[in-house]
Amino acid sequence: MDPELLAQTAGITVVGLMATDAWQRTRDGVVALWRRARPVQADEIGTALEETREEILAARHEGDSECAEDLERDWRRRLRRLLAADPSIAQDLEEVLAEARASLPEDERPSIPAVQMHAHASGNARVYQAGRDQHIVER
């Protein structure tokens, strides 16, 4: 999976799993990945995950979806930097999150966002769509 897309879905999934019974498994897996890629930051990340969990639980209790989106953006950014530091952990990150989601009953699993692109062209128009980098050379 593209690192940018993985960071996006992982950020949403990590925050989504914070309010479930799979939280401890998720936390331990994410901290282990950090310990592998950036060992100096692992304890700090563990603390940040716990603090974020408290925030997301409070936000959900209050119905504050904007706070949840902010927390997801924060974790997307952190995970993007982690993947940039060590791209080899991408598959491990996917596995940690898939295992945590699978440990929950189907109706309690946080959804994974889907990417959808739509385009309509008419006449002599051209449509170029990409999930990330795109290089077009026309002659």
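That block above? That's the structure.
Remember, predicted model here, so these are calculated numbers, not experimental data.

Visitor: Before we go on, may I ask you to explain the packing of helix H3 (residues 42–62) against helix H4 (residues 65–85) in this structure?
Guide: If you want to describe how two helices pack, look at the angle between their axes and the distance between the axes. With their axes 9 Å apart at the nearest point, H3 and H4 run at an angle of 160 degrees to one another. For the element pair H3 / H4, the angle class is roughly antiparallel. In this structure, the crossing between H3 and H4 has a hand that is left-handed. Contacts from Ile45, Ala48, Leu49, Thr52, Glu55, Ile56 and Ala59 of H3 reach H4 at Cys67, Ala68, Leu71, Trp75 and Arg78. Here the contact of H3 with H4 is composed, by residue class, of nine nonpolar, one polar and two charged.

Visitor: What is the right way to read the pattern of salt bridges from this model?
Guide: Opposite charge on two side chains permits pairing when their charged atoms draw close. Tallied over the full model, the rule gives seven salt bridges. Ionic pairing is found between Glu50 and Arg27, a salt bridge with its closest N-O pair at 2.8 Å. Taken together, the positions of Glu50 in helix H3 and Arg27 in helix H2 (residues 23–37) put the pair 23 residues apart, joining distant regions of the chain. By relative accessible area, which is 29% here, Glu50 ends up partly exposed. With a shortest N-O distance of 2.4 Å, Arg36 and Asp92 are connected by a salt bridge. Taken together, the residues Arg36 in helix H2 and Asp92 in helix H5 (residues 90–102) connect sequence positions 56 residues apart. Note on Arg36: relative accessible area 43%, which makes it partly exposed. Note on Asp92: relative accessible area 24%, which makes it partly exposed.

Rules and cut-offs
- Sequence positions are assigned chain by chain, starting from 1 and proceeding in written order.
- Whole-chain, interface and lining totals are the exception, using all residues; otherwise, since this is a predicted model, local features are given only for residues with pLDDT of at least 70 and side-chain atom pairs are given and counted only at 80 or more.
- Side-chain numbers here rest on the full set of heavy atoms in the structure, without hydrogens or water.
- Only the stretch in contact is used when fitting a helix axis, every axis being a line fitted to C-alpha atoms; angles between N-to-C directions are given from 0 to 180 degrees.
- A run of DSSP states H or I qualifies as a helix once it reaches four residues; a run of E qualifies as a strand once it reaches two. Both are numbered from the N-terminal end.
- Should an angle lie under 35 degrees it is considered roughly parallel, over 145 roughly antiparallel, and from 65 to 115 roughly perpendicular; all remaining angles are considered oblique.
- Note on convention: near helix rotated counterclockwise from far helix by under a right angle means a left-handed crossing. Clockwise means right-handed.
- Whether two residues are in contact is decided by their heavy atoms, any of which lying within 4.5 Å being enough.
- Residues are grouped as follows: Ala, Val, Leu, Ile, Met, Phe, Trp, Tyr, Cys and Pro are nonpolar; Asp, Glu, Lys and Arg are charged; all remaining types, including Gly, are polar.
- The term salt bridge refers to a side-chain nitrogen of Lys or Arg lying within 4 Å of a carboxyl oxygen of Asp or Glu.
- Partly exposed residues are those whose accessible area sits between 20% and 50% of the maximum for their type, while under 20% is buried and over 50% is exposed, using a 1.4 Å probe and protein chains only.

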